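Tertiary structure, described
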Amino acid sequence: MPDSKPLSLVERGGLGAAAGIFTTFFTHPFDVIRVQMQVGVSALECARTSVAADGVLVLWRGFVPAFVKLAPYTVISLTMLEKFTALYTGGASAL
């Protein structure tokens with residue numbers, strides 16, 4: 001995109017947070033099932049019994065703590081990736 005202006009630090013942070021929400025939302029149910037599988041039942045059986053007992057939202061139980069853990073990592077890593085890439089390639093948005 002040759003005519004676009006570089007993103008500000010706040011915009012990069014916001015996009016990183018959005019990426020963290022997206023990632024957590026779609027991967028958290030698998031983490032819930034993985035933890036419940038540690039008692040020795042299969043993934044499908046674990047998911048079926050959990051959803052039957054507590055509803056589908058049980059798969060997102062603990063979403064907020066997981067997001068709070070992942071968001072800073074995502075924001076920092078994506079921002080640093082952009083900055084280091086710009087420094088390495090000599091891009092306009094370099095520090």
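Small disclaimer: the values here were computed from a predicted structure and weren't measured.

Parameters at a glance
- Throughout, a residue's number is its position along its own chain's written sequence, starting from 1.
- Reporting of local features is limited, given that this is a predicted model, to residues whose pLDDT is at least 70; pairs of side-chain atoms are given and counted only at 80 or more, and all residues count toward the totals for whole chains, interfaces and linings.
- Side-chain figures throughout are based on the complete set of non-hydrogen atoms in the structure, without hydrogens or water.
- Between Lys or Arg on one side and Asp or Glu on the other, a salt bridge is scored when a side-chain nitrogen of the former is within 4 Å of a carboxyl oxygen of the latter.
- Here a helix means four or more residues in a row that DSSP labels H or I, a strand means two or more in a row labelled E, and each is numbered from the N terminus.
- Partly exposed residues are those whose accessible area sits between 20% and 50% of the maximum for their type, while under 20% is buried and over 50% is exposed, using a 1.4 Å probe and protein chains only.
- UniProt positions are given in the numbering used here, feature names are shortened, and annotations may be inferred rather than shown by experiment.
- Scored from 0 to 100, pLDDT records how confident the predictor is in each individual residue.
- For a helix, the expected span equals 1.5 Å multiplied by the residue count minus one.
- To obtain the bend at a residue, axes are fitted to the seven residues ending there and to the seven starting there, and the angle between these axes is taken.
- Pairing of aromatic rings covers Phe, Tyr and the six-membered ring of Trp, with a centre-to-centre limit of 6.5 Å; geometry is then stacked below 30 degrees between planes, edge-to-face above 60, and tilted otherwise.

1. Some remarks on the pattern of salt bridges
- Enumeration according to the criterion identifies four salt bridges in this entry.
- The salt bridge partner of arginine 12 is glutamate 82, with a shortest N-O separation of 3.4 Å. Highlighted residues: arginine 12 in helix H1 (residues 9-37) and glutamate 82 in helix H3 (residues 63-89), separated in sequence by 70 residues.
- A relative accessible area of 8% places arginine 12 in the buried class.
- Here glutamate 82 falls in the partly exposed class, since its relative accessible area comes to 40%.
- Put simply, glutamate 45 and arginine 48 hold a salt bridge, and the shortest N to O gap is 2.8 Å. Pair noted here: glutamate 45 and arginine 48 are both in helix H2 (residues 43-54), with a separation of three residues, about one helical turn.
- Here glutamate 45 falls in the partly exposed class, since its relative accessible area comes to 32%.

2. Quick word on the UniProt feature "repeat: Solcar" (unreviewed entry) in the protein
- UniProt records the feature "repeat: Solcar" (unreviewed entry) at residues 7-87, using the numbering of this structure.
- Within the segment residues 7-87, helix and strand shares are 81% and 0% respectively, and the terminal C-alpha atoms sit 15 Å apart.

3. What about the confidence of the model for the protein?
- In this model, the protein carries a mean pLDDT of 84, and residues with pLDDT of at least 70 account for 92%.
- Put simply, H3 is where the protein has its lowest mean pLDDT, 87, and H2 is where it has its highest, 89.

4. What about H1?
- Under the 1.5 Å per step criterion, the end-to-end length of H1 is 41 Å for 29 residues, consistent within 8% with the ideal 42 Å.
- The largest bend in H1 is about 40°, located at threonine 27, with the proline proline 29 one to four residues further on.
- Within the span of H1, buried status applies to Arg12, Gly13, Gly16, Gly20, Thr24, His28, Pro29, Val32 and Ile33.

5. A short note on H3
- Its 27 residues place the ends of H3 37 Å apart at the C-alpha level, agreeing with the 39 Å of an ideal helix rising 1.5 Å per residue.
- Among the residues making up H3, those that are buried are Phe63, Phe67, Ala71, Thr74, Thr79, Lys83 and Ala86.

6. Regarding the packing of aromatic side chains
- The tally for this structure, following the rule as stated, stands at five aromatic pairs.
- Look at phenylalanine 25 and phenylalanine 26: their rings are 5.0 Å apart centre to centre, the planes differ by 90°, and that puts the pair in the edge-to-face class.
- Relative accessible area serves as the criterion here: at 47%, phenylalanine 26 is assigned to the partly exposed category.
- Aromatic side chains phenylalanine 25 and phenylalanine 63 sit 6.5 Å apart centroid to centroid with 80° between the ring planes, which places their arrangement in the edge-to-face category. With a gap of 38 residues between them, phenylalanine 25 in helix H1 and phenylalanine 63 in helix H3 connect regions that are remote in the sequence.
- Residue classification places phenylalanine 25 among the partly exposed positions, given a relative accessible area of 37%.
- Site record: aromatic cluster; members linked through ring pairs are Phe22, Phe25, Phe26, Trp60, Phe63 and Phe67.

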